[in-house]
Amino acid sequence: MTEVVAEKRVGEARIRVRYAETDQMGVVYHSNYLIWFEVGRVELIRSMGLDYKRMEVEEGCGIAVVDVHVRYRSPARYDDELVVETRLVAARGAVIKFGYRVLRIGDGTLLCEGETVHVVVGKEMKKRGLPPKYAERFAAYLKAHASDGVDGLQSDR
């Protein structure tokens, strides 16, 4: 029996800024956004009915970050409630690309947007293909959202 999973257009992960994530100016320190990108990525994969931890354990592979692009637009501050919107942008062979937007929930302000590129690697850190179950689900997601634009995460500029 095949499990049917309703795929969301954009994965969402909610975050509340902790005091430890801010600098002396009371602004979220820039590297925290990369951590939040990871939270969003794992949640998007989970929303597809997949399990990143299980992929590591059962399939013996992970997805290593090889490139990151981030654009900071407005500061987040202590106790802000945020949403990390994540979308799968591309997946071909061993390369996967995700896009992100971080918004403040209270007023919808776009705080940060970016993308990460990953390479699927085995335990020995050598490039390998994405396991078939994951490749098939990623391909179905991309096909279902092909009309959303290249990355579908463009801000309202």
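Looking at an unreviewed UniProt entry, one finds the chain named Acyl-CoA thioester hydrolase, with Tunturiibacter lichenicola as its source organism.

### Some points on the environment of tyrosine 134
If you trace the backbone, tyrosine 134 turns up in helix 3 (residues 132–144). Classification of tyrosine 134 as buried rests on a relative accessible area of 2%. Residues tyrosine 134 and leucine 50 lie 84 residues apart in sequence; the distance between their C-alpha atoms is 7.3 Å. Not counting the four nearest positions on each side in its chain, tyrosine 134 is found in contact with Leu50, Asp51, Arg54, Met55 and Glu59.

### Regarding a nonpolar patch on the surface
Together, Leu34, Val65 and Val68 make up a nonpolar patch on the protein surface, roughly 210 Å² of accessible area in all. Within the secondary structure, valine 65 sits in strand 2 (residues 61–72).

### So, the nonpolar core
Counting 33 residues, the largest nonpolar core has Trp36 and Val102 as the members making the most contacts within it. Where this core is concerned, the elements lending two or more residues are strand 1 (11–16), helix 1 (32–47), helix 2 (52–59), strand 2, strand 3 (81–92), strand 4 (95–104), strand 5 (110–122) and helix 3. Sequence-distant contacts of tryptophan 36, defined by excluding residues within four places in its chain, comprise Ile15, Val17, Glu21, Val28, Leu82, Val84 and Val102.

### Quick word on the pairing of strand 1
Only one face of strand 1 is buried: it carries Gly11, Ala13 and Ile15, and the other face, with Glu12, Arg14 and Arg16, is open. Two elements, strand 1 and strand 3, share 6 bridges in a ladder whose sense is antiparallel. Paired with arginine 16 across the bridge in strand 3 is glutamate 81.

### Considerations on empty space enclosed by the protein
Evaluation of the coordinates by the stated rule reveals 1 cavity of 30 Å³ or more. Of the pockets and cavities examined, the largest cavity occupies roughly 40 Å³. Looking at the largest cavity, the residues that line it are Ile45, Tyr52, Met55, Ile63, Leu130, Tyr134 and Phe138. For the lining of the largest cavity, the secondary structure elements donating two or more residues are helix 2 and helix 3. A class-by-class count of the residues in the lining of the largest cavity yields 7 nonpolar, no polar and no charged.

### Side note on unusual backbone geometry
Phi is positive for aspartate 79, close to 75°, though the residue is something other than glycine. Note that aspartate 79 resides in the loop between strand 2 and strand 3. When its relative accessible area of 39% is taken as the criterion, aspartate 79 is described as partly exposed. The phi angle at methionine 125 is positive, at roughly 65°, despite the residue not being glycine.

### Looking at helix 3
Helix length check: helix 3, at 13 residues, gives a terminal C-alpha distance of 18 Å against a target of 18 Å (1.5 Å per residue), a fit within 8%. The set of residues buried in helix 3 consists of Tyr134, Arg137, Phe138 and Tyr141. When helix 3 is viewed along its axis, its buried side chains cluster within an angular range of 100° and face the same direction. Within helix 3, the exposed residues directed more than 90 degrees away from the buried face are Pro132, Glu136 and Lys143.

Calculation notes
- Residues numbered from 1 in each chain as written.
- Predicted model: local features only at pLDDT ≥ 70, side-chain atom pairs only at ≥ 80, totals over all residues.
- Heavy atoms only, no water.
- Helix = DSSP H or I, 4+ residues; strand = E, 2+ residues; numbered from the N terminus.
- Buried < 20%, exposed > 50% of the residue type's maximum accessible area, 1.4 Å probe, protein only.
- Contact = heavy atoms within 4.5 Å.
- Patch = residues over 30% accessible without salt bridge, like charges linked within 9 Å, V, L, I, M, F, W, Y side chains within 5 Å.
- Areas by Shrake-Rupley, 256 points an atom, 1.4 Å probe, with all protein chains shown as cover.
- Salt bridge = Lys/Arg side-chain N within 4 Å of Asp/Glu carboxyl O.
- Core = buried A, V, L, I, M, F, W, Y, C linked by side-chain atoms within 4.5 Å.
- Pairing = 2+ DSSP bridges.
- 1 Å grid on protein atoms, 1.4 Å probe; cavity = no way out; pocket = protein on both sides within 12 Å on 5 of 7 lines; lining within 4 Å.
- Points joined across faces, edges and corners; volume = space filled by probe spheres on them.
- Nonpolar A, V, L, I, M, F, W, Y, C, P; charged D, E, K, R; others polar.
- Expected span 1.5 Å × (residues − 1).
- Arc of directions from axis to C-beta.

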